[in-house]
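# Close look at the chain arrangement
The primary structure of each chain is shown beneath.
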Amino acid sequence: MGTLTIAELPFHERPIHELLHLDTDRALPSRDYAGFGWARIDRLWLTVDETEGRPVDDALVLALHSADDGEALADDIELELELPDRPVSVLATAFLARWLPKLPRASAIVLALCNPHRAALRRPACAHEPIHYGLGDVASWREHDRILLTAESWCMI
């Protein structure tokens with residue numbers, strides 16, 4: 001396979017439970033799961049530790065993965081997408097600038113994305129809605145009928 005442009009990456013809509021790896025029972029976060037894509041959800045909860053958290057309604061959830069050995073950047077995150085034949089790296093700002101205009105509109109965007117270097121992301125010029133992103137590891141959980149994302153803390157741009 002030749003070189004792909006950012007727009008050619010297979011970033012597709014997926015059912016929310018599959019996208020966040022909630023379609024299987026698990027007691028701990030799955031560190032080996034490398035799925036990516038996007039989904040719409042009526043309500044999602046952003047939590048810190050065991051706190052109640054806050055709801056985000058009408059959210060467009062983008063599930064992405066930071067590169068395990070990615071460079072520490074102050075205002076960006078190196079993404080790594082596991083394609084069938086090889087991993088592909090791209091900066092989050094470039095990825096969002098290219099993909100956000102192609103995705104459906106929502107009241108908020110939530111990045112289900114680990115941010116190990118605690119980068120302070122900048123708002124993409126094409127984004128008009130709030131963007132929520134976590135600092136540190138981000139994990140997905142299911143609690144009864146609620147879907148939760150946990151992080152060390154949550155930021156909004």
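For the structure, check the block above.
Being a predicted model, the structure only gives us computed values, none of them experimental.

### A look at unusual backbone geometry
- The residue Asp-58 is not glycine, and still its phi comes out positive at about 50°.
- Tracing the sequence through the fold places Asp-58 in strand 2 (residues 54–63).
- Accessibility expressed as a relative area gives 26% for Asp-58, which makes it partly exposed.
- At His-144, a residue that is not glycine, the phi angle is positive and equals roughly 60°.
- Residue classification places His-144 among the exposed residues on the basis of a relative accessible area of 76%.

### Some words on the sheet that holds strand 5 (residues 108–112)
- Taken in spatial order, the 7 strands of this open sheet run 7-8-1-2-5-6-9, and their pairing is mixed. The open sheet has two free edges, formed respectively by strand 7 (139–143) and strand 9 (153–156), since each of these has just one partner strand. Ignoring strand direction, the axes of neighbouring strands in this sheet form an average angle of 45°.

### Brief notes about the pattern of salt bridges
- Scanning the model with the defined rule gives 8 salt bridges in all.
- Note that Asp-85 and Arg-86 form a salt bridge whose closest N and O atoms lie 3.0 Å from each other.
- A salt bridge links Glu-152 to Arg-118; the nearest nitrogen and oxygen atoms lie 2.4 Å apart. Separated by 34 residues along the polypeptide, Glu-152 in the loop between strand 8 (146–151) and strand 9 and Arg-118 in the loop between strand 5 and strand 6 (131–135) bring together distant segments of the chain.
- Judged by relative accessible area, Glu-152 falls into the partly exposed class, the value being 47%.

Criteria and thresholds
Residues numbered from 1 in each chain as written. Predicted model: local features only at pLDDT ≥ 70, side-chain atom pairs only at ≥ 80, totals over all residues. Heavy atoms only, no water. Helix = DSSP H or I, 4+ residues; strand = E, 2+ residues; numbered from the N terminus. Buried < 20%, exposed > 50% of the residue type's maximum accessible area, 1.4 Å probe, protein only. Pairing = 2+ DSSP bridges. Axes fitted to C-alpha atoms, helices over the stretch in contact; angles between N-to-C directions. Salt bridge = Lys/Arg side-chain N within 4 Å of Asp/Glu carboxyl O.

These figures capture arrangement, not role.
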